[in-house]
Amino acid sequence: MPSLKSPSPIDTALVERLIAAQFPEWAGLPVREVDSAGTDNAMFRLGDEFAVRLPKADWAAGQAAKEQRWLPHLAPHLPLPVPVPVGHGVPAEGFDRAWSVFGWLDGADTFTAPLTDLAHAAVELGRFGAALRAVDATGGPASSRGGPVTAWEDGNMPGAIRALGADGTVDAKLATAAWEEVLRLPQWQGAPVWIHGDLLPGNLLGRDGRISAVIDFGGLGVGDPACDTMPAWTLLTAETRPLFREAAQVDDATWDRGRGWALCWGLVTEAYYRVTNPVLAAVAHRTWSEALPEFAA
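Reading the values: the criteria
Residues numbered from 1 in each chain as written. Predicted model: local features only at pLDDT ≥ 70, side-chain atom pairs only at ≥ 80, totals over all residues. Heavy atoms only, no water. Salt bridge = Lys/Arg side-chain N within 4 Å of Asp/Glu carboxyl O. Helix = DSSP H or I, 4+ residues; strand = E, 2+ residues; numbered from the N terminus. Buried < 20%, exposed > 50% of the residue type's maximum accessible area, 1.4 Å probe, protein only. pLDDT = per-residue confidence, 0-100. Contact = heavy atoms within 4.5 Å. Pairing = 2+ DSSP bridges. Axes fitted to C-alpha atoms, helices over the stretch in contact; angles between N-to-C directions. Phe/Tyr/Trp six-rings, centres within 6.5 Å; stacked < 30°, edge-to-face > 60°. Lys NZ or Arg CZ within 6 Å of the ring centre and 35° of its normal. Arc of directions from axis to C-beta. Patch = residues over 30% accessible without salt bridge, like charges linked within 9 Å, V, L, I, M, F, W, Y side chains within 5 Å. Areas by Shrake-Rupley, 256 points an atom, 1.4 Å probe, with all protein chains shown as cover. Lys, Arg positive; Asp, Glu negative; His and termini not counted. Charge placed at Lys NZ, Arg CZ, Asp CG, Glu CD.

1. Side note on the pattern of salt bridges
Where charged atoms from two side chains of opposite charge approach closely, those side chains can pair.
Right, so step 1: Counting across every chain of the model gives 15 salt bridges.
Right, so step 2: Here Arg-241 ties to Glu-290 by a salt bridge, and the two come within 3.0 Å at their closest N and O atoms. Residue Arg-241 is found in helix 7 (residues 241-248), and its partner Glu-290 is found in helix 9 (residues 278-296); the two are separated by 49 residues along the sequence.
Right, so step 3: The buried category is assigned to Arg-241, whose relative accessible area is 6%.
Right, so step 4: With a closest N to O distance of 2.9 Å, Glu-294 and Arg-241 form a salt bridge. Taken as a pair, Glu-294 in helix 9 and Arg-241 in helix 7 lie far apart in primary sequence, 53 residues in all.
Right, so step 5: Via salt bridges that share partners, Arg-241, Asp-256, Arg-259, Glu-290 and Glu-294 belong to a single interconnected network.

As structure tokens, this is what we get:
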């Protein structure tokens, strides 16, 4: 995984300069940093109505243009609110990447404030994925997570198993057997479809214990829909997974690949971030811990 870099400190002073220069109508609105464990973008609240999103690293530099182009196209078709772009910032004022201003969506991320109504979340997230896949994908960019789950071989899945097995975090023998099962799965043969690509608890908002919005479309693109079934293991429980699966309307092979995504993303991400990003590592640990027993069943 790449290291984090930024062209200059991304802080409230930078955001204030960018807003004053490019959106003077919003100059003077208070700027507050939004705490996040995200690795791609920094988020700031601008006044009460807006959110400013700036890429932290070169690999995220194209996300602003993509979200500006495609979110207005997708939003009317989706059953949950998503960010609506209201301003497209350009490189300037000591920051050499494009950036965005969105309308603010109320709610707390579901890692910080866990949902209490998981049955509702299961149905709503399943419907969200099904609705997203149904939108015409012509011209859509390829998602970085829309490829085959077997690509985790190059993402150092074997190395993650060795690292986490060495200290007893995971049963390495069981994890290796599950990984070998993933490698044998039939891969996606259909046309590419729209996927969010990063439906983790930190990218879902909740209010009053219920899911209320989906944010962070940096991984948006087209490809295999399997990775968008990961909420079944990142967020949900054995009791609520069937509700999600029914609402998501995915076939058995896609569901199996999604479980493979949960296993692989979970193990590799925990191994990589367990020191530098304990929040993301905790999500990852929960994800593979939910998925791995299903391979042994």
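2. Thoughts on unusual backbone geometry
Right, so step 1: A positive phi is found at Asp-216, a non-glycine position, where the angle reads about 55°.
Right, so step 2: Note that Asp-216 resides in the loop between strand 9 (210-214) and strand 10 (221-223).
Right, so step 3: The residue Gln-249 is not glycine, and still its phi comes out positive at about 60°.
Right, so step 4: Here Gln-249 is to be found in the loop between helix 7 and helix 8 (252-273).

3. Remarks on the environment of Trp-233
Right, so step 1: Here Trp-233 is to be found in helix 6 (residues 231-234).
Right, so step 2: The spacing of Trp-233 and Glu-290 is 57 residues in sequence and 5.6 Å in space, taken between C-alpha atoms.

4. So, the confidence of the model for the chain
Right, so step 1: Confidence in the prediction for the chain averages 93 pLDDT; 97% of positions are at 70 or higher.
Right, so step 2: This stretch, residues 1-6, has a pLDDT under 50; its non-local contacts, to residues over four places away or in other chains, come to 15 contacts.

5. Regarding the sheet that holds strand 3 (residues 50-55)
Right, so step 1: Strands sit in the order 1-2-3-5-4 across an open sheet of five strands; the sheet is antiparallel. With one partner strand each, in any of the chains shown, strand 1 (31-34) and strand 4 (85-89) form the two edges of the open sheet. Neighbour-to-neighbour, the strand axes of this sheet turn through a mean angle of 25°, independent of strand direction.
Right, so step 2: Direction of pairing for strand 1 relative to strand 2 (residues 41-46): antiparallel, over a ladder of four bridges. Looking across to strand 2, one finds that Val-31 is bridged to Leu-46.
Right, so step 3: Sitting on the sheet, helix 1 (residues 12-22) is in contact with strand 1, strand 2, strand 3, strand 4 and strand 5 (99-103), with an inclination near 110° to strand 3.
Right, so step 4: Strands strand 2, strand 3, strand 4 and strand 5 of the sheet are contacted by helix 2 (residues 63-74), whose axis makes an angle of about 150° with strand 4.

6. Comments concerning the packing of aromatic side chains
Right, so step 1: Counted under the stated rule, the structure contains nine aromatic pairs.
Right, so step 2: When the centroid spacing of 4.5 Å and the interplanar angle of 35° are considered together, the rings of Trp-26 and Phe-50 count as tilted. On the criterion of sequence distance, the pair formed by Trp-26 in the loop between helix 1 and strand 1 and Phe-50 in strand 3 is long-range, its members being 24 residues apart. The burial state of Trp-26 is the same as that of Phe-50; both residues are buried.
Right, so step 3: Relative to Tyr-273, the ring of Tyr-272 lies with its centre 4.8 Å away and its plane at 80°, an arrangement referred to as edge-to-face.
Right, so step 4: Overall, the relative accessible area of 11% leaves Tyr-273 in the buried class.
Right, so step 5: Members of the aromatic cluster, connected to one another through ring pairs, are Phe-23, Trp-26, Phe-50 and Trp-99.
Right, so step 6: Positioned above the aromatic ring of Trp-70, the side-chain terminus of Arg-69 is 3.8 Å from the ring centre.
Right, so step 7: Of note, Arg-259 hangs over the ring of Phe-295, and the distance from its end group to the ring centre comes to 5.8 Å.

7. Describing helix 1
Right, so step 1: Of all the residues in helix 1, the buried ones are Leu-14, Val-15, Leu-18 and Ile-19. With its buried residues spanning 130° around the axis, helix 1 presents them on a single face.
Right, so step 2: Close packing links the buried residues of helix 1 with strand 1, strand 2, strand 3 and strand 5.

8. A word on a negative patch on the surface
Right, so step 1: A surface patch of like charges, here negative, comprises Asp-11, Glu-16, Glu-33 and Asp-35.
Right, so step 2: If you trace the backbone, Asp-11 turns up in the segment before helix 1.
Right, so step 3: Residue Asp-11 is classed as partly exposed on the basis of its relative accessible area of 31%.

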